[in-house]
Every structure is written in C-alpha cells, then in structure tokens.
Amino acid sequence: VDCIDLSLGLDQAKKDGLVPSDWNFTAAKETMVRLLHKSSAAAAQRYLDNYGIGTVGCAAAHLRAMWQAASAWHSKKPLV
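Definitions and cut-offs
- Residues numbered from 1 in each chain as written.
- Predicted model: local features only at pLDDT ≥ 70, side-chain atom pairs only at ≥ 80, totals over all residues.
- Heavy atoms only, no water.
- Helix = DSSP H or I, 4+ residues; strand = E, 2+ residues; numbered from the N terminus.
- Buried < 20%, exposed > 50% of the residue type's maximum accessible area, 1.4 Å probe, protein only.
- Contact = heavy atoms within 4.5 Å.
- Areas by Shrake-Rupley, 256 points an atom, 1.4 Å probe, with all protein chains shown as cover.
- pLDDT = per-residue confidence, 0-100.

## A short note on the overall build of the protein chain
From N to C terminus, the protein chain includes four helices and zero strands. Secondary structure of the protein chain in N-to-C order comes out as α-α-α-α. The 80 residues of the protein chain split such that 19% are buried. Counted over contacts in the protein chain with a minimum sequence separation of 6, partners at least 24 positions apart contribute 62%. Put simply, the protein chain shows about 6,300 Å² of open surface, and 58% of that area lies on carbon and sulfur atoms.

As structure tokens, then:
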C-alpha cells in the first residue's frame, strides 16, 4: 500500500477521497488546543507536533488499504 505524503498539503488526498473535502487542519488544531487547555503549553505542543498532520496521513493510508483490500476481495486472492 502506498503511503500518503501530506507534507506538501492535503489537496491530492482530498481529490482522491482519502480526506474529506471540507476537513480543515487549522480547525482541528484549534480543537486540540481547546481540549488541552488544562495541560501545560509544552504538553499541548508535543501533541500538536506528534499527532498533527502525520496522524491524518496515517488514517488516509489505512483508508486506502481498506479500499484496496475490498477491491482485491473480488479477485478471490488471499490478503497477505
């Protein structure tokens, strides 16, 4: 399964249907900050750094893998 590289932006992943077209990373970060308002600034920044756009890419790659597995099911080949 090919990886999803979001380092250059979300546009292609959105066109491919791997990320909802109306999904907004800035809004997601703002929600994360709001949820972590009782955490230290350093802890909140760690979450933003570690679980930011990479998590979106990981979720998109899993979605692609599921689509590929579903389409391979019709060929009756085992999934390896």
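There's more to say after this.
## Here we look at the confidence of the model for the protein chain
In this model, the protein chain carries an average pLDDT of 80, and 88% of its residues clear a pLDDT of 70 or more. Predicted confidence in the protein chain is weakest over helix 3 (residues 41-50), with a mean pLDDT of 78, and strongest over helix 1 (residues 11-15), with 87.

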